[in-house]
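# Structural features, examined
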Amino acid sequence: MNCNNDKNECSHKHSPLKHMLHMIVCCGLPIIIILSLPFITKLSPQLAVILGAIAPFICPIMMGGMMFMMFGGNKKKAVKESAIEEKESGHME
């Protein structure tokens, strides 16, 4: 997030709804899976065991993915900005 400290303005290019949707899926999916385990157990006990083992790790994995995407996007933007600055200054190697 790019913030101008003088004016307390932030230039965010995308909607915060993406982050909220990610958080809802991240927190809601494990809860839904755990709540539905008794019904899944009646249909397939093996599937219920697998889902019960995976459910606690869904949120940390998705959070790691979200952090990777956030920091990965900043690196790409920084590389593009530095390339533009080099072109403007005429110090291309």
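A brief structural summary.

Conventions and cut-offs
- Residues numbered from 1 in each chain as written.
- Predicted model: local features only at pLDDT ≥ 70, side-chain atom pairs only at ≥ 80, totals over all residues.
- Heavy atoms only, no water.
- Helix = DSSP H or I, 4+ residues; strand = E, 2+ residues; numbered from the N terminus.
- Buried < 20%, exposed > 50% of the residue type's maximum accessible area, 1.4 Å probe, protein only.
- Contact = heavy atoms within 4.5 Å.
- Patch = residues over 30% accessible without salt bridge, like charges linked within 9 Å, V, L, I, M, F, W, Y side chains within 5 Å.
- Areas by Shrake-Rupley, 256 points an atom, 1.4 Å probe, with all protein chains shown as cover.
- Salt bridge = Lys/Arg side-chain N within 4 Å of Asp/Glu carboxyl O.
- Bend = angle between axes of the 7 residues up to and from the residue.

In terms of regular secondary structure, the protein chain is built from 2 helices and 2 strands. From first element to last, N terminus to C terminus, the protein chain shows the α and β order β-β-α-α. By residue count, 13% of the 93 residues in the protein chain fall in the buried class. The contacts of the protein chain with a sequence gap of at least 6 include a subset with a gap of at least 24, amounting to 46%.

Taken together, the side chains of Leu-21, Val-25 and Leu-29 present a nonpolar region at the surface, about 240 Å² in accessible area. Its location among the elements puts Leu-29 in helix H1 (residues 17–43).

On to H1. Of all the bends in H1, the greatest reaches close to 55 degrees and is centred on Leu-37; the proline Pro-38 follows between one and four positions later. Restricting attention to buried positions, one finds in H1 the residues His-22, Cys-26, Gly-28, Pro-30, Ile-33, Leu-37 and Ile-40.

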